[in-house]
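# Observations on the three-dimensional arrangement
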Amino acid sequence: VAVLGAAGGIGQPLSMLMKMNPLVSELALYDIANTPGVAADLGHLNTPSKVTGYVGDDELEAALTGCALVIIPAGVPRKPGMTRDDLFAINAGIVKTLCEGVAKYCPDAIVNIISNPVNSTVPIAAEVFKAAGTFDPAKVMGVTTLDVVRSDAFVAELKGLDMKDVDVPVIGGHAGITILPLLSQTTPSVEFSDEEVEALTVRIQNAGTEVVEAKAGAGSATLSMAYAAARMGESCLRGLNGEADIYECSFVASSVTDLPYFSTKCKLGPNGVEEVMGMGEITEYEAGWLEKLKPELTGSIEKGIKFAAGE
């Protein structure tokens, strides 16, 4: 498993969680600086996986060779007043460069993309792989797990349920109004008033900003993001190992709607995404949001594709 951007705010806690995961045999930590220190630190954990730090362009090949799963949290975080889209100029280039490396050195790996804006960076990654002739739609996944984790937490809190029992599917994209929690499909079955649905939906959509503002300039959601990414990474590894019935929501190449990329629940297996599930029965309220989010999500996807084409 490789973590690209391993010395950053998400990268460090994510690398620790992956070091704690018994499914990982080797952990390659890559960044433009500081990874040998992170690797030395994590190397003292008494868990079986072997950790190595790699720094800079010259060592990207060594970091990626032989990887089955590549997780990409690289890039800059949001500051107060910034949207995920404001990160585009910097993070788009970083993701493009790293994915060119993946195409060259571990073309068969599953790639989990965390770098924001995910709605644009996933299409960028796909275009890079298409240009290299290595694109497999089953292996390129935008990590939207944090939207699910937040939804589960907020619903459990509101309704006094056991956190581990709650599952809320979240569809659409991974930014603002493109995030659509399907509260009507919550497991276990829960009754919400219209006011609760509205308040929860808006809170889930703006949860990232809630953290950015609370940190007051000191960063964005790093710890909850690392937790969610580690969960997604583990699910991918369990799928690779042939475990049955592994499902996660993810922003992937999709024909569920008329958009080329869309997040719904996906069944994971030995080849990555075995099946992109539909969105199921949705309420009139959810259908309203779906229509509202489509133009914004379409714009973000197109922006990514144009960037990858050098436009």
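Residues numbered from 1 in each chain as written. Predicted model: local features only at pLDDT ≥ 70, side-chain atom pairs only at ≥ 80, totals over all residues. Heavy atoms only, no water.

Attention shifts here to the nonpolar core. Leu4, Leu64, Val70, Ile72 and Phe129 are the most contacted members of the largest nonpolar core, which totals 44 residues. Apart from residues lying up to four places away in sequence, leucine 4 is in contact with Tyr30, Leu60, Leu64, Val70, Ile71, Ile72, Pro73, Ala74 and Leu98. Grouped together as the second largest cluster of nonpolar side chains are 37 residues, Leu29, Leu146, Ala229 and Cys236 included. (Core = buried A, V, L, I, M, F, W, Y, C linked by side-chain atoms within 4.5 Å. Buried < 20%, exposed > 50% of the residue type's maximum accessible area, 1.4 Å probe, protein only. Contact = heavy atoms within 4.5 Å.)

With respect to the secondary-structure elements, threonine 144 resides in the loop between strand S6 (140-143) and helix H6 (145-159). At 3.4 Å, the side chain of threonine 144 forms a polar contact with the backbone oxygen of cysteine 249. (Helix = DSSP H or I, 4+ residues; strand = E, 2+ residues; numbered from the N terminus. Polar contact = N/O pair within 3.5 Å; in protein donor to acceptor, adjacent residues only side chain to side chain.)

For the rest of this paragraph, the subject is the packing of aromatic side chains. Any aromatic ring pair is given by two values, namely how distant the centres are and how the planes are angled relative to each other. Under the criterion given, the structure shown has 3 aromatic pairs. Between phenylalanine 251 and tyrosine 261 the ring centres are 6.3 Å apart and the planes differ by 40°, which places this aromatic pair in the tilted class. Taken as a pair, phenylalanine 251 in strand S9 (residues 246-253) and tyrosine 261 in strand S10 (residues 261-269) lie far apart in primary sequence, 10 residues in all. Grouping residues by exposure puts phenylalanine 251 and tyrosine 261 together as buried. The interplanar angle of 75° and the centroid separation of 6.4 Å between the aromatic rings of tyrosine 285 and tryptophan 289 together place this pair among those described as edge-to-face. (Phe/Tyr/Trp six-rings, centres within 6.5 Å; stacked < 30°, edge-to-face > 60°.)

Right, let's talk about the pairing of S6 for a bit. Here S6 shows no split at all, with Val140 and Gly142 on one side and Met141 and Val143 on the other all buried. Running through helix H5 (residues 118-132), the crossover from strand S5 (residues 110-113) to the neighbouring parallel element S6 is right-handed. (Right-handed = clockwise from strand over helix to strand, strands pointing away.)

So, on to helix H10 (residues 284-308). Counted at 1.5 Å a residue, the expected span for H10 with its 25 residues is 36 Å, and the 36 Å between its end C-alpha atoms agrees. Most pronounced at leucine 293, the bend in H10 amounts to some 35°, and the proline proline 295 follows within four residues. Of the residues one or two after H10, glycine 310 is the one with positive phi, at around 80°. (Expected span 1.5 Å × (residues − 1). Bend = angle between axes of the 7 residues up to and from the residue.)

For the peptide bond that leads from asparagine 116 to proline 117, omega is -5°, which places it in the cis range. Here proline 117 lies in the loop between S5 and H5. Residues other than glycine seldom take positive phi values, yet asparagine 34 does so here, at roughly 70°. Looking at the secondary structure, you find asparagine 34 in the loop between strand S2 (26-31) and helix H2 (35-42). Given a relative accessible area of 56%, asparagine 34 falls into the exposed group. Its identity as a non-glycine residue notwithstanding, alanine 216 has a phi of 45°, on the positive side.

This next bit is on the pattern of salt bridges. The final tally for this structure, using the stated rule, is 11 salt bridges. Of the charged contacts, one joins lysine 303 and aspartate 85 as a salt bridge, the two residues approaching to 3.1 Å between their closest N and O atoms. Of this pair, lysine 303 sits in helix H10 while aspartate 85 sits in the loop between strand S4 (69-72) and helix H4 (88-105), placing them 218 residues apart in sequence. We note a salt bridge from lysine 294 to glutamate 291, for which the minimum N-O separation is 3.6 Å. Of the two residues, lysine 294 and glutamate 291 are both situated in helix H10; the distance of 3 residues between them amounts to about one turn of the helix. Each of Asp258, Glu291 and Lys294 takes part in one network of salt bridges that share partners. (Salt bridge = Lys/Arg side-chain N within 4 Å of Asp/Glu carboxyl O.)

Attention now moves to the packing of H4 against H5. Axis angle and axis distance: for two packed helices, these are the angle between their axes and the distance between the axes, and together they describe the pair. Where H4 meets H5, the axes come as close as 9 Å, and the angle between the chain directions of the two elements is 35°. Relative to H5, the crossing made by H4 is right-handed. Facing H4, whose interface residues are Phe88, Ala92, Val95, Lys96, Cys99, Glu100, Val102 and Ala103, H5 presents Ser120, Thr121, Ile124, Ala125, Val128, Phe129 and Ala132. Each residue belonging to the contact of H4 with H5 can be placed in one class, and the counts come to 11 nonpolar, 2 polar and 2 charged. (Axes fitted to C-alpha atoms, helices over the stretch in contact; angles between N-to-C directions. Left-handed = near helix turned anticlockwise from the far one by under 90°. Nonpolar A, V, L, I, M, F, W, Y, C, P; charged D, E, K, R; others polar.)

What follows deals with the pairing of S4. Of the two faces of S4, the one holding Leu69 and Ile71 and the one holding Val70 and Ile72 are both buried throughout. With H4 bridging S4 and its parallel neighbour S5, the resulting β-α-β unit is right-handed.

All right, on to H2 then. Every buried residue of H2 is accounted for by Thr35, Val38, Ala39 and Leu42. Each buried residue of H2 sits inside an arc of 100° when the element is viewed along its axis, so together they form one side. Buried residues along H2 sit against helix H1 (11-19), S2 and strand S3 (50-55). (Arc of directions from axis to C-beta.)

A separate point is the environment of phenylalanine 251. Overall, phenylalanine 251 belongs to the buried group, its relative accessible area being 0%. Spatially, the C-alpha atoms of phenylalanine 251 and asparagine 119 are 7.8 Å apart, while their sequence positions differ by 132 residues.

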